[in-house]
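Listed below, chain by chain, are the residues.
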Amino acid sequence: SQTIHQWPATLVQPVGSPLSLECTVEGTSNPNLYWYRQAAGRGLQLLFYSVGIGQISSEVPQNLSASRPQDRQFILSSKKLLLSDSGFYLCAWSAGLSTEAFFGQGTRLTVV
Amino acid sequence: KNEVEQSPQNLTAQEGEFITINCSYSVGISALHWLQQHPGGGIVSLFMLSSGKKKHGRLIATINIQEKHSSLHITASHPRDSAVYICAVGRCMDSNYQLIWGAGTKLIIKP
């Protein structure tokens, strides 16, 4: 069966520090991978998606970047965090277009 | 106006009550998703449907494509059903599949 791992679960980082959140998927090949952010009291916002190794599409211009160094690994990064980067970040995968998405447990990021 | 509207925003009910959460959308879609987000933040996909009705345990999801409306029902509600329920509509745009998310309905079931 397929599983998705996302870590860390919580993170408190100072403004200006770097960020690296990692997501890995097991039990499937060539998944579509997604990074979402959920700000307090708001819906999910798609940040990045990837349909293959090295292929990253950005939905919203921002202080963040994503990379997919391996087929089942998706990394969300920032060189210098801003206060506005605080939020709940979710990684997800799907088998293809128009299919169900499965989510990791999320990372609650607080930038102080 | 948001493309996906959920109602109510908040719902508190007693254990055993029949629960209905509504989702209306204004765009053409390929499918509609219902998801459950627990207090810790984890999200679980409940249903993905493009027509008719689906049932899983005590959960039932219906969709009316003509009226652009979907409902999620919970029968014999239980405190463990307390969570945020999120509706999202999916559509194919420029060879990609776009999900448009509702703001969620926070459900509290009291014992």
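Here the structure is shown first, and the text comes after it.
Fair warning: this is a prediction, and the values are worked out from it, not measured in the lab. (Residues numbered from 1 in each chain as written. Chains lettered and ligands numbered in written order. Predicted model: local features only at pLDDT ≥ 70, side-chain atom pairs only at ≥ 80, totals over all residues. Heavy atoms only, no water.)

**As for the pattern of salt bridges**
Residue and element names in this part refer to chain B.
And step 1. This structure, assessed with the given rule, holds four salt bridges over all chains.
And step 2. Here R91 makes a salt bridge to E3, at a shortest N to O gap of 3.8 Å. Of this pair, R91 sits in strand β9 (residues 83-93) while E3 sits in the segment before β1 (4-7); the two residues are 88 residues apart in sequence, bridging distant segments of the chain.
And step 3. The salt bridge partner of R58 is D81, with a shortest N-O separation of 2.8 Å. Of this pair, R58 sits in the loop between β6 (52-56) and β7 (59-64) while D81 sits in the loop between β8 (69-74) and β9, and the two are 23 residues apart along the sequence. (Salt bridge = Lys/Arg side-chain N within 4 Å of Asp/Glu carboxyl O. Helix = DSSP H or I, 4+ residues; strand = E, 2+ residues; numbered from the N terminus.)

**Regarding the state of the cysteines**
All names here are of chain A.
And step 1. In total, this model carries two disulfides over all chains according to the counting rule given.
And step 2. With a sulfur-sulfur separation of 1.9 Å, C23 is cross-linked through a disulfide to C91. Handedness here is read from the sign of the S-S torsion; for C23 and C91, about -75°, the answer is left-handed. Of this pair, C23 sits in strand β3 (residues 19-26) while C91 sits in strand β9 (residues 87-94), and the two are 68 residues apart along the sequence. (Disulfide = S-S within 2.5 Å.)

**Thoughts on the nonpolar core**
And step 1. Ranked by internal contacts, the top residues of the largest apolar core, which has 24 residues, are L32, W34, F47, L72 and Y85 of chain B.
And step 2. Of all the secondary-structure elements, those providing two or more residues to this core are β3 (19-25), β4 (31-37), β5 (43-49), β7, β8, β9 and β11 (105-110) of chain B.
And step 3. In this structure L32 of chain B touches C23, Y25, F47, M48, L49, I63, S70, C87, A88 and V89 of chain B, once residues within four positions along its chain are discounted.
And step 4. Residues C23, A66, L81 and C91 of chain A belong to the second largest nonpolar core, which totals 20 residues. (Core = buried A, V, L, I, M, F, W, Y, C linked by side-chain atoms within 4.5 Å. Buried < 20%, exposed > 50% of the residue type's maximum accessible area, 1.4 Å probe, protein only. Contact = heavy atoms within 4.5 Å.)

**Considering the sheet that holds β3 of chain A**
All names here are of chain A.
And step 1. Read across the sheet, four strands follow the order β1-β3-β8-β7 without closing on themselves; strand pairing throughout is antiparallel. Unpaired on one side and paired on the other, β1 (3-7) and β7 (65-70) mark the two borders of the sheet. Strand-to-strand twist across the sheet, computed as the mean angle between neighbouring axes with direction ignored, equals 20°.
And step 2. The pairing of β1 with β3 spans five bridges and is classified as antiparallel. Bridge pairing in β3 places Q6 opposite C23. (Pairing = 2+ DSSP bridges. Axes fitted to C-alpha atoms, helices over the stretch in contact; angles between N-to-C directions.)

**A short note on unusual backbone geometry**
And step 1. Look at the link from W7 of chain A to P8 of chain A: it is a cis peptide, with omega at 0°.
And step 2. Within the secondary structure, P8 of chain A is located in the loop between β1 and β2 (10-13).
And step 3. In the Ramachandran plot, N30 of chain A falls in the positive-phi region, its phi being about 50° despite a non-glycine side chain.
And step 4. Relative to the elements of secondary structure, N30 of chain A occurs in the loop between β3 and β4 (32-38).
And step 5. By relative accessible area, N30 of chain A is classed as partly exposed at 43%.
And step 6. Phi at A76 of chain B takes a positive value of approximately 45°, unusual for a residue other than glycine.
And step 7. Positionally, A76 of chain B belongs in the loop between β8 and β9.

**Re the interface of chain B and chain A**
And step 1. Taken together, the contacts link 18 residues of chain B with 16 residues of chain A.
And step 2. Interface area for chain B against chain A, summed over the two sides, is near 1,500 Å², with a carbon-plus-sulfur share of 57%.
And step 3. Considering only the side of chain B, the residues that lose the most area to chain A are I43, Y97 and W101 of chain B, jointly responsible for 34% of the buried surface there.
And step 4. Where chain B meets chain A, there are zero salt bridges.
And step 5. At the junction of chain B with chain A, the criterion picks out one residue pair in polar contact (both at pLDDT 80 or more).
And step 6. By residue number, the principal contributor to the side of chain B that touches chain A is strand β10 (residues 96-101) of chain B, which donates four residues. (Buried area = accessible area lost by both parts, 1.4 Å probe. Polar contact = N/O pair within 3.5 Å; in protein donor to acceptor, adjacent residues only side chain to side chain.)

**Topic: the pairing of strand β5 (residues 44-52) of chain A**
All names here are of chain A.
And step 1. For β5, a buried count of seven out of nine residues is recorded, marking the element as mostly surrounded by other parts of the structure.
And step 2. Strand direction decides the pairing type here: β4 and β5, joined by six bridges, are antiparallel. Pairing of Y36 across the sheet is with L46, part of β5.
And step 3. Sheet analysis places β5 next to strand β6 (residues 55-58), joined by three bridges and oriented antiparallel. Bridge pairing in β6 links G52 to Q55.
And step 4. The turn linking β5 back onto β6 is made up of two residues, and G54 within it adopts a positive phi angle of 75°.

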